[in-house]
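What follows is the residue order along each chain.
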Amino acid sequence: MLTTETKAKWSLILPVLLFAASFSFNVNAQIRLSAYMDMGESNVSEGFFMKSAITGTWHYEKFIFEGGVQFDPVSPMNKAFTGSFLKAGREFEIKGFPITAHAFFMYNPFSKLVHETNWGVIASAHSRHFFYRLGTNFRTYSPTKHFSGGDDNDSGTKSRIHENWNIMYLVGYNLKPEENEWNIGLTFTNIDNFLISQETNPAFYLHGKYDISSPLTLYAEAWYKSAGAFNISVNYFGFFFRTGVIWKPELNK
């Protein structure tokens, strides 16, 4: 069984390999690279936090591969690397309606004591103004050797907590069609790039983007996270602001 340290190494290496491979395949492939930063606070952040991330997508014909890594320049845990994900998907149609299905793996070393792994499947669809996602995931919390007294295999395996068949959802609306040079919209979801929240803890975020030139797009998002929105009591959990840039080179020119 892979140790926590080995998982962390591969979580860093695999997205880098994905980015490198993007430039070596057929020029008809589409590449999308994004870099962004989050700044905000939450009930568990002990004040202000800052996160930065790099994600990449390689799209060839009907196949899609994605990867990303996340770092925390400012956090109460004093950890640099805090998340990664890998996705593989394919586009298809059901009675003429386009759908994209993804399988994914996510690794989240959010603490020195406990790490999270998450895998699942999710389907995406969109219309002129609306976009949707629905899927299920299987989450495991594993204690590290710092928690289990130096044994990252035996006692850690016995102490793992599994959450199976969790529901993932997203409903979003854009004022303009997706291909417009500028857009604003609102989304309701429990999914983010490096984190999947409990079903009862959705987030709402306002998002906007502007195509400043052919390969570059600027975007910004304002996220509000709730706790127990689907329970009797709804509480504030956190807020953060995200700003970033998307680079989509046209390789087939």
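For the structure, see preceding data.
Right, let's walk through the structure included here. What you are looking at is a predicted structure, and each value in this text was computed from that prediction instead of being measured.

## Structural notes on the pattern of salt bridges
Logical step 1: The full count for this structure, using the stated rule, is seven salt bridges.
Logical step 2: For Lys-51, the salt bridge is made with Asp-72, and the minimal N-O distance between the two is 2.9 Å. One end of the pair, Lys-51, is in strand β2 (residues 47–60); the other, Asp-72, is in strand β3 (residues 63–74), with 21 residues separating them in the sequence.
Logical step 3: Exposure remark for Lys-51: the relative accessible area of 23% places this residue in the partly exposed category.

## Description of the environment of Asp-192
Logical step 1: Looking at the element boundaries, Asp-192 is found in the loop between β9 (182–189) and β10 (203–211).
Logical step 2: Sequence spacing of Asp-192 and Ala-203 is eleven residues, and the spatial spacing of their C-alpha atoms is 9.2 Å.
Logical step 3: Sequence-distant contacts of Asp-192, that is, excluding residues within four places in its chain, are made with Met-106, Trp-223, Phe-240 and Arg-242.

## Concerning the sheet that holds strand β7 (residues 130–143)
Logical step 1: Taken in spatial order, the twelve strands close into a barrel running β1-β2-β3-β4-β5-β6-β7-β8-β9-β10-β11-β12, and their pairing is antiparallel. Within this sheet the neighbouring strands show an average axis-to-axis angle of 20 degrees, counted without direction.
Logical step 2: Bridge analysis of strand β5 (residues 97–108) against strand β6 (residues 114–126) gives nine bridges, and the strand direction is antiparallel. The residue bridging His-102 from the neighbouring strand is Ile-122, located in β6.

## Points about the packing of aromatic side chains
Logical step 1: Overall, the coordinates contain 14 aromatic pairs when judged by the stated rule.
Logical step 2: Taken together, a centroid distance of 4.0 Å and an interplanar angle of 5 degrees make the contact between Tyr-205 and Trp-223 stacked. Taken together, the residues span a long stretch of sequence, with Tyr-205 in strand β10 and Trp-223 in strand β11 (residues 216–227) at a distance of 18 residues. Here the two residues Tyr-205 and Trp-223 agree in accessibility, since each one is buried.
Logical step 3: Among the aromatic residues, those joined into a ring-pair cluster are Phe-49, Tyr-205, Trp-223 and Phe-240.
Logical step 4: Lying across the ring of Phe-49, Lys-51 places its NZ or CZ 5.7 Å from the centre.
Logical step 5: In this structure, Arg-90 packs its charged tip against the face of Phe-63, placed 5.2 Å from the ring centre.

## A word on the nonpolar core
Logical step 1: The biggest cluster of nonpolar side chains holds 13 residues, and the ones touching the most others in it are Tyr-36, Met-168, Ile-191, Phe-194 and Ile-196.
Logical step 2: Broken down by secondary-structure element, the contributors of at least two residues to this core are β5 and β8 (161–174).
Logical step 3: If we ignore the near neighbours within four places in the chain, the residues touching Phe-194 are Tyr-36, Ala-53, Thr-55, Gly-68, Val-69, Gln-70, Gly-83, Ser-84, Phe-85, Met-106 and Asn-108.
Logical step 4: Grouped together as the second largest cluster of nonpolar side chains are five residues, Ala-203, Tyr-205, Trp-223 and Phe-240 included.

## A word on the environment of Asn-235
Logical step 1: Along the chain, Asn-235 turns up in strand β12 (residues 235–247).
Logical step 2: Its relative accessible area of 42% is what places Asn-235 among the partly exposed residues.
Logical step 3: Ignoring any residue separated from it by four or fewer positions in sequence, one finds Asn-235 in contact with Tyr-224, Ser-226 and Ala-227.

## Quick word on unusual backbone geometry
Logical step 1: The phi dihedral of Lys-95 falls on the positive side, at around 55 degrees, and the residue is not glycine.
Logical step 2: As for its position among the elements, Lys-95 is in the loop between β4 (81–94) and β5.
Logical step 3: Although it is not a glycine, Trp-165 sits at a positive phi angle of roughly 60 degrees.
Logical step 4: Checked against the element boundaries, Trp-165 lands in strand β8.

Cut-off values and rules
- Residues numbered from 1 in each chain as written.
- Predicted model: local features only at pLDDT ≥ 70, side-chain atom pairs only at ≥ 80, totals over all residues.
- Heavy atoms only, no water.
- Salt bridge = Lys/Arg side-chain N within 4 Å of Asp/Glu carboxyl O.
- Helix = DSSP H or I, 4+ residues; strand = E, 2+ residues; numbered from the N terminus.
- Buried < 20%, exposed > 50% of the residue type's maximum accessible area, 1.4 Å probe, protein only.
- Contact = heavy atoms within 4.5 Å.
- Pairing = 2+ DSSP bridges.
- Axes fitted to C-alpha atoms, helices over the stretch in contact; angles between N-to-C directions.
- Phe/Tyr/Trp six-rings, centres within 6.5 Å; stacked < 30°, edge-to-face > 60°.
- Lys NZ or Arg CZ within 6 Å of the ring centre and 35° of its normal.
- Core = buried A, V, L, I, M, F, W, Y, C linked by side-chain atoms within 4.5 Å.

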